[in-house]
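So you can see what is in the structure, the chains are spelled out below.
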Amino acid sequence: MSEMTGQIVEVVVKALAGGVFVLAFAALTEMLTPKRLAGVFCASPSVALASLIVTAAITGVPDVLASAQGMQIGAVGFTVYCLVAVPLLRRWGAWRGALAAVAVWGVVVAAGYALAPQGLLGVRTTAVPGPRPQPAALDLAPPPARLS
Amino acid sequence: MRLRLSELRRPPKRDWVARFAFGAGVSALAGVVSVLAGPRAGGLFLAFPAILLASVTLIAKEEGVRQAVQDVGGAIFGALGLIGFAVVVTLTVTVWPLWLSLTIATLSWAALSLALYAIVTRLRR
């Protein structure tokens, strides 16, 4: 399989997994009472869970770590999105207000990525340590006997 | 807080299809950015408010802007929980098995979001 085919497969698998996880969280939200909690579940980690699991399976844990660092900045942008969307929706209505808030998300995320590319904690991406090297063979032979 | 299975029959089928499509679309977007610009840039889109955007416009159409504003107000707590989710994954994913890291991160999201929601709701009364 060529590299490009592999990348297309990765994106398709992430898309399918993301759709399934969003459905699962949506079902949970529908079943949940009281209904006023529905807003909280609109910001559930459904897409993140799906994407991180597929990333771990295809490209490995170091990429999961890097994705989580990026997600920290995205989540700060999401919080700012919610804070500015409340007055914008009241003033401009649903579509214009929500789209203007998405623009704010973009600005916050771009600034955050430029200022703190390692995420909020500044943790550097490091390779996962592999298994400790084992000695080639155990020397079970008895020590040579001393003659004197 | 309770779960009612019967509530699953309430939304029409096209709502479920729309939700699947939005989830798949955002995940594909994050995947494409990850391939083109690296996993850290792709990670930004793991907290892209597309699902909320879809939900808000649908709710505003069916139940009015006031209800949509209420949902966005609730989503603030979920978004703060997402910061917690990402921080927990960052701190644990190279130390713990993946399933444990993601499970604890999801539980942290739920605990943080619902606790903040409960505290703010109580303070407002």
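Residues numbered from 1 in each chain as written. Chains lettered and ligands numbered in written order. Predicted model: local features only at pLDDT ≥ 70, side-chain atom pairs only at ≥ 80, totals over all residues. Heavy atoms only, no water.

J.: Whenever I open this one, the overall build of chain A confuses me. Can you help?
T.: A tally of regular secondary structure across chain A gives five helices and one strand. Listed by position from the N terminus, the elements making up chain A come as α-β-α-α-α-α. A separation of at least 24 residues holds for 63% of the contacts in chain A among residues at least 6 apart in sequence. Surface accessibility of chain A: about 8000 Å² in total, with carbon and sulfur atoms responsible for 69%. (Helix = DSSP H or I, 4+ residues; strand = E, 2+ residues; numbered from the N terminus. Contact = heavy atoms within 4.5 Å. Areas by Shrake-Rupley, 256 points an atom, 1.4 Å probe, with all protein chains shown as cover.)

J.: Can you walk me through the packing of aromatic side chains in this structure?
T.: Two numbers describe a pair of aromatic rings. These are the distance of the centres and the angle of the planes. Following the criterion strictly, the structure yields seven aromatic pairs over all chains and no others. Their ring planes at 75 degrees and their centres at 4.7 Å tell us that A:Trp105 and B:Phe48 sit as a pair that is edge-to-face. Placement of the pair is A:Trp105 in helix α5 (residues 94-115) and B:Phe48 in the loop between α2 (39-44) and α3 (50-63), with the two residues belonging to separate chains. Each member of the pair, A:Trp105 together with B:Phe48, is buried. (Phe/Tyr/Trp six-rings, centres within 6.5 Å; stacked < 30°, edge-to-face > 60°. Buried < 20%, exposed > 50% of the residue type's maximum accessible area, 1.4 Å probe, protein only.)

J.: Looking at this structure, how should I read the interface of chain A and chain B?
T.: Chain A puts 77 residues into the contact, and the matching count from chain B is 69 residues. Overall, the association of chain A and chain B removes approximately 6700 Å² of surface from exposure, summing both partners, and the carbon and sulfur fraction of that is 79%. For the chain A face of the interface with chain B, the top three residues by lost area are A:Glu30, A:Met31 and A:Val40, together amounting to 10%. When the shortest N-O distance is used, the salt bridge between A:Glu30 and B:Arg19 registers 3.0 Å. (Buried area = accessible area lost by both parts, 1.4 Å probe. Salt bridge = Lys/Arg side-chain N within 4 Å of Asp/Glu carboxyl O.)

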